[in-house]
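Residues per chain, in single letters:
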Amino acid sequence: FSVLAVVGENMRHRKGLAGRVFKALGDDDINISAIAQGSSELNISIVVSRNDEAKALNAIHRAFFGIGRKPLNVYLVGTGLIGGTLLNQIQDQIDFLQNKKSLNIKIVGLADIDRMVFDKNGIHLDSWQKTLNASRLESNPEKFVETMIANKLQNSVFVDCTASTALTLAYPRILNNSISIVTPNKKANSDTMEFYNQLKDIVRENNTQFLYETNVGAGLPVIDLIHNLVLAGDEIHRIEGVLSGTLSYIFNTMSSERLFSEVVKDAKLKGYTEPDPREDLNGMDAARKILILAREIGESLELSDVRVENLVPEEARSAENEDKFFEILAEYDQQMREKVIDAEHRGLRLRYIATLENSNAMVGLKEVAEDHPFYQMKGSDNIIAIYSKYYETPMVIKGPGAGANVTAAGILADLLKAAIH
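Residues numbered from 1 in each chain as written. Predicted model: local features only at pLDDT ≥ 70, side-chain atom pairs only at ≥ 80, totals over all residues. Heavy atoms only, no water.

## What about the overall build of the chain?
Regarding its fold elements, the chain presents 16 helices and 16 strands. When each of the 421 residues of the chain is scored for burial, the buried share is 49%. Surface accessibility of the chain: about 20500 Å² in total, with carbon and sulfur atoms responsible for 47%. Distance from the positive charge centre (46 side chains) to the negative charge centre (57 side chains) of the chain: 7 Å. (Helix = DSSP H or I, 4+ residues; strand = E, 2+ residues; numbered from the N terminus. Buried < 20%, exposed > 50% of the residue type's maximum accessible area, 1.4 Å probe, protein only. Areas by Shrake-Rupley, 256 points an atom, 1.4 Å probe, with all protein chains shown as cover. Lys, Arg positive; Asp, Glu negative; His and termini not counted. Charge placed at Lys NZ, Arg CZ, Asp CG, Glu CD.)

Laid out in structure tokens, this is it:
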């Protein structure tokens, strides 16, 4: 154990001083084993674990004297396109954050599918890939979490840039150890309602943050907006959205003169689809997103409650390879073409829309008229329309719903929210 003493004259006349001490330690998850105040009231003494000594001193110095930049210790799993772009953006912003925001971001842990590396002093951002490749530690999610917890670094944030379901199962343990989580991974919030509520309860009970703005709409401010509307007493009656950048591009590009299978191939070549396009066409990505929005406004729904229109023909769902998949998909070109022509003749357009209304959630193809907010969509944009007690004419949020830069920017924004918490 270690004894820390906060010493000063006239302490008895300083209201709330002890509260500031205890709050500073509590914010950094430092347990106090004993406290005492001398009869002279010139000092408050606190007993903490010796392992927490440096962390406790830093917390108190920062709370009372503003000494040094506030640290933000980041552990990142998933250094692919999104994670790598995030690291580049942090490197670009590092001077601004240090000089203008007094925030010192350090990447203290990295992991990809093969390797992981840790450095309490911070991994150099201009050579992170080389450092990771040179590491002799094999990637192991369980050991990564154990090391992160054991390090006991103040103001730590875990960033999950994977699509792993297994990793999300560690979220309760991470949050219970006062490590905040920032993630674009939708798997946790679209898991069972019981697991979703468990995470929310842990966040309320612990001084920590669970931020996931990029779960829906990449960098679009959708979830934060919904939180603010609900907080202000608004009642959201209906949400409609084109929530898949892939399906947005496909149906914004479709016409009576284009074949469905060709447009899907084009989307894949442009990098809009997953490596297996069936993961986009089956509608589950949009289903998870509308489920998350439903839960954010207070609905108690499971993923199985969302009605999903799967655009992958039955015969193509088990195709052994990509060529076979596109071969089968081409057999349905005429069927999709007839739907497009029929809509065009009536002045309508097809969109793959997620809808939430009256506790019912569904995703599927819909026809929209010229006066609908989704009629004039282009490219791979996402769009969300929110109908509420305050907004009878829908509030519409539109913009890039996918892409490394916008998603990484959304993650970085959540990181900064966690830092100032």
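## A look at the sheet that holds strand 12 (residues 307–308)
The strand order 12-14-13-11-15-16 describes an open sheet built from six strands, whose pairing is mixed. Of all strands in the sheet, those bounded by a partner on one side alone are strand 12 and strand 16 (395–400). Alignment of strand 13 (residues 349–357) against strand 14 (residues 360–368), held across nine bridges, turns out to be antiparallel. The residue of strand 14 that forms the bridge with Thr355 is Met362. Relative to strand 13, helix 13 (residues 284–296) is tilted by about 35°, and along the sheet it contacts strand 11 (236–242), strand 12, strand 13 and strand 14. (Pairing = 2+ DSSP bridges. Contact = heavy atoms within 4.5 Å. Axes fitted to C-alpha atoms, helices over the stretch in contact; angles between N-to-C directions.)

## Considering the pairing of strand 13
Burial runs high along strand 13: seven of the nine residues are buried. As defined by bridge partners, strand 11 adjoins strand 13 across four bridges and the pair is classed as antiparallel. Looking across to strand 13, one finds that Glu240 is bridged to Thr355.

## What to know about the pattern of salt bridges
A complete count under the given rule lists 17 salt bridges for this structure. Salt-bridge contacts for Asp201 lead to Arg204; the nearest nitrogen and oxygen are separated by 2.3 Å. Taken as a pair, Asp201 and Arg204 lie in helix 8 (residues 193–205) at a separation of three residues, close to a single helical turn. Ionic pairing is found between Arg346 and Glu367, a salt bridge with its closest N-O pair at 2.5 Å. In this pair, Arg346 sits in the loop between helix 15 (333–345) and strand 13 while Glu367 sits in strand 14, placing the two residues 21 residues apart along the sequence. (Salt bridge = Lys/Arg side-chain N within 4 Å of Asp/Glu carboxyl O.)

## Examining the sheet that holds strand 6 (residues 115–118)
Across the sheet, which stays open at both edges, the seven strands sit in the order 7-6-5-4-8-9-10 with mixed pairing between neighbours. Edge strands, defined here as strands with exactly one partner in the open sheet, are strand 7 (137–138) and strand 10 (210–211). As paired elements, strand 6 and strand 7 share two bridges and run antiparallel to each other. Counterpart to Arg115 in the pairing with strand 7 is Glu138. Against the sheet, helix 3 (residues 81–100) makes contact with strand 4 (70–77), strand 5 (103–111) and strand 8 (156–160), and its axis sits at roughly 160° relative to strand 5, the strand it touches most.

## Some remarks on the packing of helix 3 against helix 16 (residues 404–419)
Following both chains from N to C, one finds helix 3 and helix 16 inclined at 55°, their axes separated by 9 Å at the closest point. What the angle tells us is that helix 3 and helix 16 run oblique. Of the two elements, helix 3 crosses helix 16, and the hand of that crossing is right-handed. Across the interface between the two elements, Leu81, Ile82, Thr85, Leu86, Gln89, Ile90, Gln93 and Leu97 of helix 3 pack against Ala404, Asn405, Thr407, Ala408, Ala409, Ile411, Leu412, Leu415 and Leu416 of helix 16. (Parallel < 35°, antiparallel > 145°, perpendicular 65-115°, else oblique. Left-handed = near helix turned anticlockwise from the far one by under 90°.)

## Focus on the environment of Val159
Structurally, Val159 can be placed in strand 8. On a C-alpha basis, the gap between Val159 and Gly83 in space is 8.8 Å, while along the polypeptide they are 76 residues apart. When residues no more than four places from it in sequence are discounted, the contact partners of Val159 are Val74, Tyr75, Leu76, Val77, Leu86, Val182, Ile411 and Leu415.

## Topic: the side chain of Arg278
Residue position: Arg278 is located in helix 12 (residues 278–281). For Arg278, a relative accessible area of 15% gives the class buried. A polar contact is formed between the side chain of Arg278 and the backbone oxygen of Ala319, at a distance of 3.1 Å. The contact partners of Arg278, leaving out residues within four places of it in the chain, are Val312, Ala316, Arg317, Ser318, Ala319 and Phe325. (Polar contact = N/O pair within 3.5 Å; in protein donor to acceptor, adjacent residues only side chain to side chain.)

## Describing the packing of aromatic side chains
Inspection of the entire model under this criterion finds ten aromatic pairs. Arranged with centres 5.0 Å apart and planes meeting at 40°, the rings of Phe118 and Phe144 form a pair that is tilted. In this pair, Phe118 sits in strand 6 while Phe144 sits in helix 5 (residues 141–151), placing the two residues 26 residues apart along the sequence. Feature note: the residues Tyr75, Phe118, Phe144, Phe158, Tyr171, Phe210 and Tyr212 constitute an aromatic cluster, connected by ring pairs. The ring of Tyr387 carries Arg238 above its face, with NZ or CZ at 3.9 Å from the centroid. The ring of Phe326 carries Lys265 above its face, with NZ or CZ at 5.4 Å from the centroid. (Phe/Tyr/Trp six-rings, centres within 6.5 Å; stacked < 30°, edge-to-face > 60°. Lys NZ or Arg CZ within 6 Å of the ring centre and 35° of its normal.)

## Here's the deal with the nonpolar core
The biggest cluster of nonpolar side chains holds 78 residues, and the ones touching the most others in it are Phe158, Ile250, Phe251, Phe260, Leu281 and Ile290. A total of seven residues in this core trace back to one element, the largest contributor, which is helix 13. Filtering out sequence-adjacent residues up to four positions away, Phe251 remains in contact with Phe260, Leu311, Met336, Leu350, Arg351, Tyr352 and Leu365. Counting residues in each nonpolar core, the second largest holds 28 residues, with Leu87, Val117, Val182 and Leu211 among its members. (Core = buried A, V, L, I, M, F, W, Y, C linked by side-chain atoms within 4.5 Å.)

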